[in-house]
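Topology and contacts: notes
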Amino acid sequence: MEEPLDLIRLSIDERVYVKCRGDRELRGKLHAYDQHLNMILGEVEETLTTTEVDEETDEEIVKKQVRKIGMLFVRGDIIVLVSPPLRAGA
Amino acid sequence: MSTAGVPLKLLFEAENMKVTVEMKNGEIFRGMLVGAEETMNMNMSDVLKTARNGQVSKLPNVYLRGSSIRFVVLPELLKNAPIFQTVTTMKRKMEQAAQQRQQGSKRKRE
């Protein structure tokens, strides 16, 4: 029987896209994971997205900050989505 | 053997190495990982703490609650850790099993 976690197993040693709580996205190579979704990611790019509203113009200013990390342990409880990398602009 | 999953085992491998821990509240702790537990509670020494406002402070000893941790930056040399042997073997076995299943169904058709 294939359960959802088995689908993640298919992505081991492949690059993945991980959406996290707090408007964060991670793109990296999935080295390991467990039932809590704790993950070990290598060659990671973290994208932090912030949205500010300009008081005068009321326009939304969306900012993205990217940082690179060589080897990262991610705690499972912050993970919201796991998928193969998105094709467009991955 | 502990009930720890593979990622946690790698965290244990990082003991006595310099790590950077980012907490859920945005505080950052960089220092030597003295010990980690299955709950992910971590004991660190010679820590440089960066608060959310950017203020930096030195703490000789720190104990962090696992549930408050967002992630841990590990030393890159851990990618050579023996743990990964099991992961690659598991994946290979999975792929072999899938191939065998495919071959098996082809034979039935013939």
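Below: a short report on this structure. (Residues numbered from 1 in each chain as written. Chains lettered and ligands numbered in written order. Predicted model: local features only at pLDDT ≥ 70, side-chain atom pairs only at ≥ 80, totals over all residues. Heavy atoms only, no water.)

**Quick word on the overall build of chain A**
The following threshold applies: Note on conventions: DSSP H or I runs of at least 4 residues are helices, E runs of at least 2 residues are strands, and numbering of each starts at the N terminus. Buried, partly exposed and exposed residues are distinguished by accessible area as a fraction of the type maximum, computed with a 1.4 Å probe on protein chains only: under 20%, between the cut-offs, and over 50%, respectively. Residue contacts are defined here by distance: any two heavy atoms, one from each residue, within 4.5 Å place the two residues in contact.
A count of helices and strands for chain A gives one helix and five strands. What you see in chain A, going N to C, is helices and strands ordered as α-β-β-β-β-β. Its C-alpha atoms give chain A principal-axis dimensions of about 55 × 30 × 25 Å. A total of 90 residues make up chain A; the buried ones form 42% of that total. Of all intrachain contacts in chain A linking residues separated by at least 6 positions in sequence, the fraction that spans at least 24 positions is 45%.

**Examining the interface of chain B and chain A**
Interfaces are often sized by the accessible area lost when the parts come together. For the record, the criterion: By buried area we mean the combined loss of accessible area, with a 1.4 Å probe, across both parts when two parts are placed together. Should a side-chain nitrogen of Lys or Arg be within 4 Å of a carboxyl oxygen of Asp or Glu, the pair is scored as a salt bridge. Two N or O atoms count as a polar contact when they lie within 3.5 Å, although within protein this holds only if one can serve as hydrogen donor and the other as acceptor, and sequence-adjacent residues are included solely when both atoms are side-chain atoms.
With 27 residues of chain B at the interface, the matching set in chain A holds 24 residues. Overall, the association of chain B and chain A removes approximately 2200 Å² of surface from exposure, summing both partners, and the carbon and sulfur fraction of that is 68%. At the boundary of chain B with chain A, the tally comes to three salt bridges. Summed over the shared surface of chain B and chain A, the result is seven residue pairs in polar contact (both at pLDDT 80 or more). Elements represented by at least two residues in the side of chain B that touches chain A include exactly α1 (6–13), β5 (69–73) and α2 (83–109) of chain B. The leading source of residues in the side of chain B that touches chain A is α2 of chain B, at six residues.

Honestly, it's all geometry; don't read function into it.
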